[in-house]
Amino acid sequence: MIVRRPLYQTLSSITDDLMSATATTQLQTSSVELTLPIDLRLPGENDDLIGDLPLFRMRTAFDPEPAHIHIVLNMVAL
Amino acid sequence: MSIEATVPLENFIQAVQNQLDKAQTAMAVKARNLNLPMTFAVKDINLDLRAHVELTRGEIRIRPAGANEPDASVFHLVFTAITRPMIEENAVGFSEDPDEYSIDELEEELTDEERRKLEWVGIRTVKKLREMDADGSSRAVSRVANLKVSRLQQALKRSSAPMVNHVTPVTPTQDDPPEFNNILRVRGRNLLREGIMPRVTIDDRPASILKSSDKELLLAPSDNQWSGVLRVETEPEAITSMSFDLATYAPIATEQIPNPDPTITSDNGKISKPEAKP
C-alpha cells in the first residue's frame, strides 16, 4: 500500500529540493513559482489534509482529475 | 450526496491553512537546525479544486468531484501570507471581553443552523444578541437571518437567566477583619437584573448579601447555611439553584467549657476576677 503524504510534507519536500538545487548555483534565488497537479483527499476529524503528487502520469477513466496548486515561494532571511 | 461524504467548506479551508502553517514551521525549523541564514517561505498558494457543493443545514459543504464528473464546480482558492498586524486588523473581534460568551453557549435554545444564521448576520456573542434586542432590531435580524422572532426571544430569555457556576468560601488575608471568615463567594452570570440585587436563599432561608455584581455575589450565611440548596432569583421566572456542601468551612462554635473556678467569670470571652467585697 502506498502511503500518501499530508500536504505540508509534500510542500516541505518541494522546498527542501529547491534549497538543495539553488544552493549549488552562484546566483541567489529570490523567488520560485510552481504549478503542480496534486491529489487531494479531504480530511477526517483531526486528520491531516492529504495532498500529494499524482502517482501516475497517465490517468484512467476511474481516476478523478487532480486538483492544481500554484505556489509562490520567496527567499527570506531568518 | 450523503452528509458523511462531504466536508464543510470552512473546515477544508482551515485544513489547508493548517497545512501551510505546518509547512512553514517545518521549513524554518530545518533552516535553523542547519544554520542556514535564509529559507523559502510560502508567499501565495492558489488551489483549483473540482468539487460538488451543497448547502445543508445552513452550512456550505463540498465533495471533491469523482472520475467522469465533468459538471463539478471549480473552487479557486487563493491563500496569501499575511503578517500578524494584518491578522489582527482583519480578524473579527470575537470576544474582546474575556467574560463574554459565545453564541454557541445557546446550544440548548438554538439549533446549529439557527446559530450559524446568526453568525452570518454578525451576531457571534450572547452580549451582541442582547444588544440587538435592546435597540429593537431583533425583528430585522430575524427577517435577515430567516429566524422566528419567538425563537430569538426565547433564546434571549434563557440567555439572561441567572446561572451559578460555583460556590466557594472566602479565604481571608491577614489584613481582613475576623468576620471575613464567614463569607461565601458565589460566581456565575446574570446575577443582577438591571442593577437590582437578587433574592438569595439557602435551604429556603434568606441569606444576607454583602456585595453583588453581575458575575459575583458575596454572602454572609448563618452558621447552619454552609450547605444546602442555594437559590438565586433575579425576577419571578428567572431562578437558578445549586446544591453545595461547605460544612467543613463553617465557623466552629465556641464550646462552653465549665468554669472550674467559680470566682472567675467569663463575659464575651474576657476573663476577669470579681472584685473583692470589702
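Heads up: the structure comes first, above all this text.
Residues numbered from 1 in each chain as written. Chains lettered and ligands numbered in written order. Predicted model: local features only at pLDDT ≥ 70, side-chain atom pairs only at ≥ 80, totals over all residues. Heavy atoms only, no water.

### Here we look at the sheet that holds strand β9 (residues 208-212) of chain B
Residues and elements named next belong to chain B. Threshold: We treat two strands as partners when DSSP finds at least two bridges between them. Here a helix means four or more residues in a row that DSSP labels H or I, a strand means two or more in a row labelled E, and each is numbered from the N terminus. Comment: axis = line fitted to C-alpha atoms, over the contacting stretch for helices; angle = value between 0 and 180 degrees taken between N-to-C directions.
With antiparallel pairing, the four strands of this open sheet are ordered in space as β5-β6-β10-β9. Each edge of the open sheet carries a strand with a single partner, namely β5 (163-169) and β9. The sheet shows a mean angle of 25 degrees between the axes of neighbouring strands, direction not considered. Summarising the sheet, strand β6 (residues 184-189) and strand β10 (residues 216-220) pair through four bridges and their orientation is antiparallel. Along β10, the bridge assignment pairs R185 with L218.

### With respect to the pattern of salt bridges
Residues and elements named next belong to chain A. What counts is decided by this rule: Should a side-chain nitrogen of Lys or Arg be within 4 Å of a carboxyl oxygen of Asp or Glu, the pair is scored as a salt bridge. The buried label applies to any residue whose accessible area, calculated with a 1.4 Å probe on protein chains only, is under 20% of its type's maximum; exposed applies above 50%, and partly exposed to all values in between.
Following the criterion strictly, the structure yields 21 salt bridges over all chains and no others. Among the ionic pairs, R4 bridges to D39, the shortest N-O distance being 3.9 Å. With R4 in the segment before α1 (7-23) and D39 in strand β1 (residues 31-41), this pair connects stretches of sequence that are 35 residues apart. Judged by relative accessible area, R4 falls into the buried class, the value being 12%. Here D52 and R4 are joined by a salt bridge, their closest N and O atoms 3.4 Å apart. Of the two residues, D52 is situated in strand β2 (residues 50-52) and R4 in the segment before α1; the sequence distance between them amounts to 48 residues. In this pair, the class of D52 matches that of R4, namely buried.

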